[in-house]
Amino acid sequence: MLGEAEPQWLSEEVKTGTTIIAIEFNGGVVLGSDSRVSAGESVVNRVMNKLSPLHDKIYCALSGSAADAQTIAEMVNYQLDVHSMEIGEDPQVRSAATLVKNISYKYKEELSAHLIVAGWDRREGGQVFATLKGLLTRQPFAVGGSGSSYVYGFVDAEYRKGMNKKECQQFVVNTLSLAMNRDGSSGGVAYLVTIDEHGTEEKVILGNDLPTFFDQ
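All values derive from a computational prediction rather than experimental measurement.

**Here we look at the pattern of salt bridges**
By the definition in use, this model includes six salt bridges. Between Glu 24 and Arg 138 there is a salt bridge whose closest N-O contact spans 3.0 Å. Here Arg 138 lies in strand S9 (residues 135-138) and Glu 24 lies in strand S1 (residues 20-25), a separation of 114 residues in the sequence. Taking the relative accessible area as the measure of exposure, Arg 138 reaches 36% and is therefore partly exposed. The salt bridge involving Glu 124 is made with Arg 138; its shortest N-O contact spans 3.8 Å. Within this pair, whereas Glu 124 is found in the loop between strand S7 (113-121) and strand S8 (125-132), its partner Arg 138 is found in strand S9, the two being separated by 14 residues in sequence. We classify Glu 124 as partly exposed; its relative accessible area is 46%.

**Examining the environment of Ile 72**
Turning to its location among the elements, Ile 72 is positioned in helix H2 (residues 66-87). Classification of Ile 72 as buried rests on a relative accessible area of 1%. Remark: the alpha-carbon pair of Ile 72 and Leu 62, spanning 10 residues in sequence, is separated by 9.5 Å. Residues in contact with Ile 72, not counting those within four places in the same chain, are Val 100, Ile 103, Ser 104, Leu 111, Ala 113 and Leu 115.

**Quick look at the side chain of Asn 174**
Secondary-structure assignment places Asn 174 in helix H5 (residues 165-182). Asn 174 sits in the buried class, given a relative accessible area of 15%.

**Comments concerning the UniProt feature "active site" (unreviewed entry) in the chain**
Sites flagged by UniProt as "active site" (unreviewed entry) map to Thr 18. Looking at where Thr 18 falls in the secondary structure, it is placed in the loop between helix H1 (8-11) and S1. In this view, Thr 18 contacts Asp 34, Lys 50, Leu 62, Ser 63, Gly 144, Gly 145, Ser 146, Gly 147, Asp 183, Ser 185 and Ser 186; residues no more than four positions away in its chain are not counted. Within the structure, Thr 18 has its side chain in polar contact with the side chain of Lys 50 (distance 2.6 Å).

**A short note on the sheet that holds strand S2 (residues 28-33)**
An order of S10-S1-S2-S11-S12 is seen for the five strands of this open sheet, with the pairing classed as antiparallel. Only two strands of the sheet have a single neighbouring strand rather than two, namely strand S10 (141-144) and strand S12 (199-205). Across the sheet, the mean angle separating the axes of adjacent strands is 10° when strand polarity is ignored. Relative to strand S11 (residues 190-196), S2 runs antiparallel, the two being bridged by six bridges.

**With respect to H2**
Its 22 residues give H2 an end-to-end C-alpha distance of 31 Å, which sits within 8% of 32 Å, the value for a rise of 1.5 Å per residue. Those residues of H2 lying buried are Asp 68, Ala 69, Ile 72, Ala 73, Val 76, Leu 80 and Ser 84. All buried residues of H2 lie within an arc of 125° about the axis, which places them on one face of the element. Residues Glu 74, Tyr 78, Met 85 and Glu 86 are exposed on H2 and point more than 90 degrees away from its buried face. Tucked inside the fold, the buried residues of H2 contact strand S5 (51-55), strand S6 (58-64), helix H3 (93-106) and S7. Immediately beyond the C-terminal end of H2, within one or two residues, lies Gly 88, with a positive phi of roughly 75°.

Analysis parameters
Residues numbered from 1 in each chain as written. Predicted model: local features only at pLDDT ≥ 70, side-chain atom pairs only at ≥ 80, totals over all residues. Heavy atoms only, no water. Salt bridge = Lys/Arg side-chain N within 4 Å of Asp/Glu carboxyl O. Helix = DSSP H or I, 4+ residues; strand = E, 2+ residues; numbered from the N terminus. Buried < 20%, exposed > 50% of the residue type's maximum accessible area, 1.4 Å probe, protein only. Contact = heavy atoms within 4.5 Å. UniProt positions renumbered as here; feature names shortened; annotations may be inferred. Polar contact = N/O pair within 3.5 Å; in protein donor to acceptor, adjacent residues only side chain to side chain. Pairing = 2+ DSSP bridges. Axes fitted to C-alpha atoms, helices over the stretch in contact; angles between N-to-C directions. Expected span 1.5 Å × (residues − 1). Arc of directions from axis to C-beta.

Given below as structure tokens:
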């Protein structure tokens, strides 16, 4: 009826959740994410791939609003294609991360998204960049999303400088498994992307095949 106040849930902010991670190794990077998309207490997509390609050897991991994060990824993907044609070679990972940073800052009031950018280029090798509302910092590894708060202690304790590709892949899988077990907004399957000078390798690990860290 006219004059009645609208239901409270219409004006409440919708809570989202995810777990994303990226780590450098000597010669490349490994990215990982869960696949659950949630809106409040509802799961709206069980198997979304949150690892989005920005160029041949540059990917980003998406968190925050799925629509906002995908929009940023598509904008950067287009701009990198144009940039690559202009310079006549593959773009640098830092260039991709800078584009993400600029868009995130420009639309910080309108968009709700956090992207981790990682990839390989011939100048700097494997690189991981965290971007958040104008922040741009290169890190040996980065985690994000609601599930990250459950695994900061684990990644700080288990990370070792100089891990090889296989060790980094297992590190990512273990981190995702722990977060998905503890965070109600993370779950589904685990997506992995490994990038080095030879190209990219994508992998999906089903929930039943993820490692467990408790007594059955």
